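Observations on chain architecture
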Amino acid sequence: AAATAAGESADAALAARALAAQTPAVAAVAENQPPAGSPFSPGGQVYGVGPDAGSLILQAAAPSTLIIRGGDGSVWFARHLSAGEAYRAPHVHGLIAEASSPSGIRVFGPTGYRGSLLTPLTPLAQFGE
């Protein structure tokens, strides 16, 4: 009611409240990033292709839904990952990662940790693959 009286929708107020409740967990994940170049260490199931078919690994540092899409929009992988679980992407041009909690997805390559996803939709080519 207060949101509507202030000219905002009740849905927007509920969404803001839900985001505020998640912010401490997301901030904690962002603060605890490994140093650049740190090697990948599996903390659960690794989905996707084997080491010979892909070198870019996306690992959940916090629970997150991860969807990998091809350049044509087709879904290559879709799963809710628990912390520690990972996906090894194939060497395919044009793949895009979609994550419900982008800062909670860490990206590892052949030279180690490369950073976290920065936006909900991230081209994997951004990480050199």
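Residues numbered from 1 in each chain as written. Predicted model: local features only at pLDDT ≥ 70, side-chain atom pairs only at ≥ 80, totals over all residues. Heavy atoms only, no water.

1. Some details on the overall build of the chain
Helix and strand counts for the chain come out as two helices and nine strands. Counted from the first residue to the last, the chain has its helices and strands arranged as α-α-β-β-β-β-β-β-β-β-β. For the chain, contacts bridging at least 24 residues in sequence account for 63% of all contacts bridging at least 6. Within the structure as shown, the chain displays about 7,100 Å² of accessible surface, and the carbon and sulfur contribution to it stands at 60%. (Helix = DSSP H or I, 4+ residues; strand = E, 2+ residues; numbered from the N terminus. Contact = heavy atoms within 4.5 Å. Areas by Shrake-Rupley, 256 points an atom, 1.4 Å probe, with all protein chains shown as cover.)

2. Some thoughts on the pattern of salt bridges
Side chains that carry opposite charge are capable of pairing whenever their charged atoms lie near each other. The tally for this structure, following the rule as stated, stands at one salt bridge. Note that Glu98 and Arg69 form a salt bridge whose closest N and O atoms lie 3.1 Å from each other. One end of the pair, Glu98, is in strand S6 (residues 96–99); the other, Arg69, is in strand S3 (residues 64–69), and 29 residues separate them in sequence. What makes Arg69 partly exposed here is its relative accessible area of 27%. (Salt bridge = Lys/Arg side-chain N within 4 Å of Asp/Glu carboxyl O. Buried < 20%, exposed > 50% of the residue type's maximum accessible area, 1.4 Å probe, protein only.)

3. What about the sheet that holds strand S7 (residues 105–109)?
Strands pair in a sheet through their backbones, by hydrogen bonds, and they do so in one of two ways: parallel or antiparallel. Overall, mixed pairing links the five strands, which are arranged S1-S5-S2-S7-S8 in an open sheet. Each edge of the sheet is formed by a strand with only one pairing partner; in this case those strands are strand S1 (46–48) and strand S8 (112–116). Ignoring strand direction, the axes of neighbouring strands in this sheet form an average angle of 30 degrees. (Pairing = 2+ DSSP bridges. Axes fitted to C-alpha atoms, helices over the stretch in contact; angles between N-to-C directions.)

4. A short note on the confidence of the model for the chain
In the predicted model, the chain carries a mean pLDDT of 83, and the fraction of residues at 70 or more is 75%. Low pLDDT, under 50, characterises residues 1–6; the stretch is placed with five contacts to residues that sit more than four places away or in other chains. In this model, residues 23–30 is a region of pLDDT below 50 whose contacts with residues beyond four sequence positions or in other chains number seven contacts. (pLDDT = per-residue confidence, 0-100.)

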